[in-house]
Amino acid sequence: MGKLREFYRDTWAEVNLNAIEENVQAIKKSLPDGVAYMAVVKANAYGHGAVDVARSALKAGASYLGVAILDEALALRQAGIEAPILVLGYVRPADAALAKKYNITLTVFQKDWVKDALPHLEEGNGKLNLHLKIDTGMGRIGFRTEDEGRELLGFLRHNSSLFEVEGAYTHFATADEKGRSYIDEQHRTFEQFLGWMKAELKTAPPCIHSGNSATALRYKEYSYNMVRVGISMYGLAPSEEVKEEIEVPLKEAFSLHSRVTHCKKLSEGDGVSYGATYRAEKEEWVATIPIGYADGWIRANANGGEVLVNGRRAPIIGRICMDQLMIAVHENVPVGTKVTLIGSQGAETVSADEVARRLGTINYEIPCMISYRVPRAIYKNGELIHLHNEVF
Ligand SMILES: *Cc1c(COP(=O)(O)O)cnc(C)c1O
């Protein structure tokens, strides 16, 4: 399970699986009875490590896993995870057989997809599990009209020896915003679709879902019988706009650390980094940290960015390089001193939200953008249980 390798650089991310488990339990407890929990672990579990997060989420009460692409689903199967997995994005019709072989559920929304998948599926060899996707206002994937939907359903019923329609779902575009008129309209459209689908199929598919984290936490009445939770499982609010409303306690699972590699005293006028855009105004201490934009710590982090050293904030100075950056420190800091870029030291915290604000983006992007070059150290009950090093 995972790679158990050392790493030889002083920059790493830590993932706290206890936080993941507590978040899953707290979110699940807040949902109406009988609402199943799909743990969304796409994009390597938003940069946290998909296999470990999936196992923790399942242990804490999740019963379904969600990923974006077939490759991610196959990686979970390869790791021995047997729970149901739904691919939320598009999969090529030619890969339908591969999905069926590994018991992976696919999202379908085009009649032609079903037609193109047919020659790849064998009769008498089980059914490919499908969830139908309706676009009620996200404008991304999904059929949009009743005609398209009826055509698709008709085609699936005609080939019911090959396809099992296990679920139907939609995705809300504004669940993380204060106004509710758009989501209410999407919900009305979804209800209409469910109405005629039930009439057509005589019974509703067992899995009906619409909610991401924001919906699960703010519109419980729209949960149906499953929610698809990503961001809040990782301990982050779905948006700044509704952060204050979230009552479920969430713990950030991801933190990012490094260590000082060099510390020196600059004299007045000395420049720092490419372009020498930073100039010391007086004698001052500057420390070098071995993390840069190739690690996903992009150059824009220099615009007002701060890190933690010895429990105090230290500003990033000068341009961020590919592999290193410099910070201003109060005193001579020994080589090896721990630096926290996301997370806490003593009473000080730099949250993923703070980094996102600084970069003018959303917290979702922050753990996702920390690159393959940063090893992930996975902790459970305070103990290091796995190290994922993609470099060596
Ligand atoms: C990523 C994704 C989710 C999870 O969204 P969060 O806001 O992270 O909870 C849910 N549903 C779909 C279709 C997704 O693509």
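Up top is the structure.
Residues numbered from 1 in each chain as written. Predicted model: local features only at pLDDT ≥ 70, side-chain atom pairs only at ≥ 80, totals over all residues. Heavy atoms only, no water.

Peer 1: How do you make sense of the overall build of the protein chain when you look at a structure like this?
Peer 2: Along the protein chain, the regular secondary structure elements total 11 helices and 21 strands. Long-range contacts, defined here as pairs at least 24 residues apart, represent 69% of the contacts in the protein chain between residues at least 6 apart. In the structure as shown, the protein chain presents an accessible area of about 17,400 Å², 49% of it carried by carbon and sulfur atoms. Across the protein chain, the 45 positively charged side chains and the 50 negatively charged ones have centroids separated by 2 Å. (Helix = DSSP H or I, 4+ residues; strand = E, 2+ residues; numbered from the N terminus. Contact = heavy atoms within 4.5 Å. Areas by Shrake-Rupley, 256 points an atom, 1.4 Å probe, with all protein chains shown as cover. Lys, Arg positive; Asp, Glu negative; His and termini not counted. Charge placed at Lys NZ, Arg CZ, Asp CG, Glu CD.)

Peer 1: I'm lost on the environment of Val 260 in this one. Help?
Peer 2: Along the chain, Val 260 turns up in the loop between strand S10 (254-259) and strand S11 (262-266). Residues Val 260 and Asp 10, spaced 250 residues apart in sequence, show a C-alpha to C-alpha distance of 8.3 Å. Those residues in contact with Val 260 that sit more than four places away from it in its chain are Ala 287, Thr 288, Ile 289, Val 333, Pro 334, Val 335, Gly 336, Thr 337 and Val 339.

Peer 1: How do you make sense of the sheet that holds strand S2 (residues 36-40) when you look at a structure like this?
Peer 2: Strands pair in a sheet through their backbones, by hydrogen bonds, and they do so in one of two ways: parallel or antiparallel. With respect to topology, 8 strands assemble into a closed barrel ordered S2-S3-S4-S5-S6-S7-S8-S9, the strand pairing being parallel. Averaged over all pairs of adjacent strands, the angle between strand axes in this sheet comes to 30°, irrespective of strand direction. Two elements, strand S8 (residues 207-211) and strand S9 (residues 226-229), share 2 bridges in a ladder whose sense is parallel. Paired with Gly 211 across the bridge in S9 is Val 227. Running at roughly 165° to strand S4 (residues 85-87), helix H4 (residues 70-78) makes contact with strand S3 (64-67), S4 and strand S5 (104-108) of the sheet. (Pairing = 2+ DSSP bridges. Axes fitted to C-alpha atoms, helices over the stretch in contact; angles between N-to-C directions.)

Peer 1: Help me understand the packing of helix H1 (residues 17-30) against helix H3 (residues 50-59) in this model?
Peer 2: Each packed pair of helices is defined by two parameters, the angle between the axes and the distance between the axes. Where H1 meets H3, the closest approach of the two axes is 8 Å, and the angle between their N-to-C directions is 40°. On the basis of the axis angle, H1 is oblique to H3. Regarding H1 and H3, the two cross each other, and that crossing is right-handed. Here Leu 17, Ile 20, Glu 21 and Val 24 of H1 come into contact with H3, specifically with Asp 52, Val 53, Ser 56, Ala 57 and Lys 59. (Parallel < 35°, antiparallel > 145°, perpendicular 65-115°, else oblique. Left-handed = near helix turned anticlockwise from the far one by under 90°.)

Peer 1: How should I be thinking about the packing of aromatic side chains in this particular structure?
Peer 2: One pair of aromatic rings is described through two measures. These are the centre distance and the angle between the planes. Tallied over the full model, the rule gives 9 aromatic pairs. Ring geometry for Tyr 219 and Tyr 222: centres 5.7 Å apart, planes at 5°, overall stacked. With respect to class, Tyr 219 is no different from Tyr 222; both count as buried. (Phe/Tyr/Trp six-rings, centres within 6.5 Å; stacked < 30°, edge-to-face > 60°. Buried < 20%, exposed > 50% of the residue type's maximum accessible area, 1.4 Å probe, protein only.)

Peer 1: I would appreciate a short explanation of the pattern of salt bridges in the present structure.
Peer 2: By the definition in use, this model includes 25 salt bridges. A salt bridge links Arg 188 to Glu 185; its shortest N-O distance comes to 2.7 Å. With Arg 188 and Glu 185 both in helix H8 (residues 181-201) and 3 residues apart, this pair spans about one turn of that helix. Its relative accessible area of 46% is what places Arg 188 among the partly exposed residues. (Salt bridge = Lys/Arg side-chain N within 4 Å of Asp/Glu carboxyl O.)

Peer 1: For this particular structure, what's the right way to read the side chain of Glu 14?
Peer 2: Considering the arrangement of structural elements, one finds Glu 14 in strand S1 (residues 11-16). Buried within the structure, Glu 14 lacks any salt-bridge partner; its nearest side chain of opposite charge belongs to Lys 338, at an N-O separation of 4.2 Å. Among the polar contacts listed, one links the side chain of Glu 14 to the side chain of Trp 12, at a separation of 2.8 Å. (Polar contact = N/O pair within 3.5 Å; in protein donor to acceptor, adjacent residues only side chain to side chain.)

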